[in-house]
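# Geometric and topological summary
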Amino acid sequence: MTNDSKMNISFDNTENAFAYKTDKELKQSKFLFNTMDYPLFVPIGTRLTPFLMKTGLPVHGIIRNTIFKQFVGGETLPETSEVVSLLKQFGVQVILDYGVEGKEGEENFEHAADVFIDVINYAATQSNIPFISVKVTGLARFSLLQTLNEAPRLRSGIHDHELEIDEWDRVRKRMHRICEVAAEKNIGVLIDSEESWIQDPVDRLCMEMMETFNKEKAIVYNTIQLYRHDRLHFLHLSHRIAKEKQFVLGMKLVRGAYMEKERSRASQRGYPSPIQVDKENTDKDFDASVEYCIKNINEISSIIASHNDASNMLGVQLLEKNNLPFNHPNIHFSQLYGMSDNITFNLAKIGCNVSKYLPFGPIRDVIPYLMRRAQENSSMSGQTGRELSLIRKELKRRKSA
Ligand SMILES: Cc1cc2nc3c(=O)[nH]c(=O)nc-3n(C[C@H](O)[C@H](O)[C@H](O)COP(=O)(O)OP(=O)(O)OC[C@H]3O[C@@H](n4cnc5c(N)ncnc54)[C@H](O)[C@@H]3O)c2cc1C
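Let us look at the structure shown here. (Residues numbered from 1 in each chain as written. Predicted model: local features only at pLDDT ≥ 70, side-chain atom pairs only at ≥ 80, totals over all residues.)

## Section: the overall build of the protein chain
- Secondary structure assignment for the protein chain yields 16 helices and eight strands.
- Over its C-alpha atoms the protein chain spans a radius of gyration of 21 Å, differing by no more than 12% from the 21 Å that the globule rule assigns to 401 residues.
- By the burial criterion, 42% of the 401 residues in the protein chain qualify as buried.
- Within the protein chain, contacts between residues at least 6 apart in sequence are counted, and of these 77% link residues at least 24 apart. (Helix = DSSP H or I, 4+ residues; strand = E, 2+ residues; numbered from the N terminus. Rg over C-alpha atoms; globule rule 2.2 N^0.38 Å. Buried ≥ 20, exposed ≤ 12 C-beta atoms within 10 Å, placed from the backbone. Contact = placed C-beta atoms within 7 Å.)

## Considerations on the packing of helix α7 (residues 142-150) against helix α9 (residues 196-213)
- Between α7 and α9, the least distance of the axes is 7 Å, while the angle of their chain directions is 80°. Considering their axes alone, α7 and α9 lie roughly perpendicular with respect to each other. On α9, the residues touching Phe 142, Leu 145, Gln 146, Leu 148 and Asn 149 of α7 are Trp 197, Ile 198, Asp 200, Pro 201 and Val 202.
- For the contact of α7 with α9, the per-class residue count stands at seven nonpolar, two polar and one charged. (Axes fitted to C-alpha atoms, helices over the stretch in contact; angles between N-to-C directions. Parallel < 35°, antiparallel > 145°, perpendicular 65-115°, else oblique. Nonpolar A, V, L, I, M, F, W, Y, C, P; charged D, E, K, R; others polar.)

## What to know about the sheet that holds strand β2 (residues 131-134)
- Reading around the barrel, the eight strands line up as β1-β2-β3-β4-β5-β6-β7-β8 and close back on themselves, with parallel pairing between neighbours. Between one strand and the next, the sheet's axes are offset by a mean angle of 30°, whatever the strand orientation.
- One ladder, built from two bridges, connects strand β3 (residues 188-191) with strand β4 (residues 220-225); its direction is parallel. Bridged to Leu 190 within β4 is Tyr 221. (Pairing = 2+ DSSP bridges.)

## Details of the nonpolar core
- One finds Phe 116, Ile 132, Cys 179, Val 189, Ile 191, Val 220 and Leu 253 to be the most contacted residues of the largest nonpolar core, which totals 102 residues.
- Setting aside residues up to four positions removed in sequence, Ile 132 forms contacts with Ile 95, Leu 96, Phe 116, Val 119, Ile 120, Ala 123, Ile 187 and Val 189. (Core = buried A, V, L, I, M, F, W, Y, C linked by C-beta atoms within 7 Å.)

## Observations regarding the site of the ligand
- Residues in contact with the ligand amount to 24 residues; listed here are only the nearest, Asp 192, Arg 255, Ala 305, Ser 306 and His 307.
- Those elements giving two or more residues to the shell around the ligand turn out to be β4, α12 (279-295) and β7 (331-336).
- For the shell around the ligand, the leading source of residues is β7, giving three residues.
- When its residues are assigned to classes, the shell around the ligand shows nine nonpolar, eleven polar and four charged. (Near = placed C-beta within 6 Å.)

## Notes on the pairing of strand β5 (residues 249-254)
- Burial analysis of β5 places six of its six residues in the buried class, the great majority of the element.
- Because side chains alternate across β5, one face comprises the buried residues Leu 249, Met 251 and Leu 253, and the other comprises Gly 250, Lys 252 and Val 254, equally buried.
- The sheet contact formed by β4 and β5 spans four bridges and is parallel. Across the sheet, the residue bridging to Gln 225 is Val 254, located in β5.
- Traced from β4 through helix α10 (residues 231-245) to β5, the parallel crossover comes out right-handed.
- Judged from the five bridges that link them, β5 and strand β6 (residues 300-305) form a sheet pairing that is parallel. The residue bridging Met 251 from the neighbouring strand is Ser 302, located in β6. (Right-handed = clockwise from strand over helix to strand, strands pointing away.)

## Remarks on helix α6 (residues 106-123)
- Helix length check: α6 (18 residues) gives 26 Å between terminal C-alpha atoms against 26 Å at 1.5 Å per residue, within 8%.
- Every buried residue belonging to α6 is among Phe 109, Ala 112, Ala 113, Phe 116, Val 119, Ile 120 and Ala 123, and all of these are buried. The buried residues of α6 occupy an angular sector of 120° when the element is viewed end-on, so they sit on one face. In α6, the exposed positions angled more than 90 degrees off the buried face are occupied by Glu 107 and Asp 118. (Expected span 1.5 Å × (residues − 1). Arc of directions from axis to C-beta.)

## Digging into the pairing of strand β8 (residues 354-360)
- Burial analysis of β8 places seven of its seven residues in the buried class, which makes it a mostly covered element.
- Across six bridges, strand β1 (residues 93-98) lies against β8 in parallel orientation. Its bridge partner being in β8, Asp 97 is matched across the sheet by Pro 359.
- Crossover connection from β7 via helix α14 (residues 341-349) to parallel β8: handedness right-handed.

## Things to note about unusual backbone geometry
- Phi angles above zero are rare outside glycine, and Asn 186 is one such case at about 60°.
- Here Asn 186 shows up in the loop between α8 (162-185) and β3.

## A closer look at the packing of α12 against helix α13 (residues 309-321)
- One way to put it is that α12 packs onto α13 with a least axis distance of 10 Å and a crossing angle of 25°. Viewed along their axes, α12 and α13 adopt a mutual orientation that is roughly parallel. The handedness of the crossing between α12 and α13 comes out as right-handed. Residues Phe 286, Asp 287, Val 290, Glu 291 and Ile 294 of α12 touch α13, and the partners they reach there are Ser 311, Leu 314, Gly 315, Leu 318 and Leu 319.
- Of the residues belonging to the contact of α12 with α13, the class tally is six nonpolar, two polar and two charged. (Left-handed = near helix turned anticlockwise from the far one by under 90°.)

Set out below in structure tokens:
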């Protein structure tokens, strides 16, 4: 494809952004973002909701028709497939996320691995689901990851607690099982990044899987959080290892979702914070990573996972400058379902590979994900303001059209 349409991209085009929503749905979104904008709504809601879910009160229906509908595909795969088909009509792809979090125990971990495999098999039947996402904490005990992160390691990279080595082997086997089916079905596996105090074993697992499955193309992707001041260097190192071991590096680029938690843990325990000193530095490293990945596009397959207009625009401009097609298989853009439609649908319009990160699962299981979305969209961050002004603009445009 040529990039003829490149000059026409604007993230302010709300007609493209919301073409997939009826007036009624748009008004429902406006109501939801308006509600989340009340200063007390998010702090009270995030504390009260998990408690109310356990009581017999009829909160299930309320959540389902409001915040769940905005940010989640459905409770089951068949329900989610309606959203998948709708997005397909607008050239938007999907990263399918089985949104279960915080369930521990070997039985639950085995079950989660089976579900991830079911999700891959389902994705392979759809033309617009190139990826699924996986959280290692869905397959491994959090405290095991923490121990592995902290324990002194032998030169092999493995530490010397025998029982834990067995447990870790089972985690590696689960991940191997998932990636093997993914490779067979040609579906990418995006491994999420989590807290810095468990990230080291996650990175090692990603490297191991990439070395095994990324020989021809990227099947497995690690994630780097550029709010960490060491991650640009980590990207360079990962690339060097990939070249030495001759595999394609898969990398999802994010700014990072756990900033407050990271900072407060570091200050409570008295170690230097892993987080950049300010937003400007995070932005600088994020954009430098975008540049680095596009410069090495034949060796690195990357996903710009961001709601930041400037970073997404930078990706488009660099493709254009380097005469690369917008649908180059090694560059992909992604935003969360329910947010930043102005970026997703306008990128799709010019032919970029762009997807919505679409979680699905029973309401009680996706509550932690919904709470994070509510917090992210509270008035503090300014995201709600952005969403609301775009929705208002579109409603006004439709009225006068
Ligand atoms: C498809 C997709 C997948 C994702 N996967 C993951 C994942 O695996 N792991 C994960 O942690 N997150 C993930 N996220 C969330 C992501 O890390 C960000 O929290 C979110 O996208 C907001 O960043 P932004 O680039 O969209 O936009 P922006 O609004 O430009 O940036 C906000 C972000 O900047 C950083 N920031 C804000 N203030 C400061 C400051 N004072 N100093 C330093 N940094 C600051 C924080 O990371 C904050 O979240 C994902 C997001 C998307 C869209």
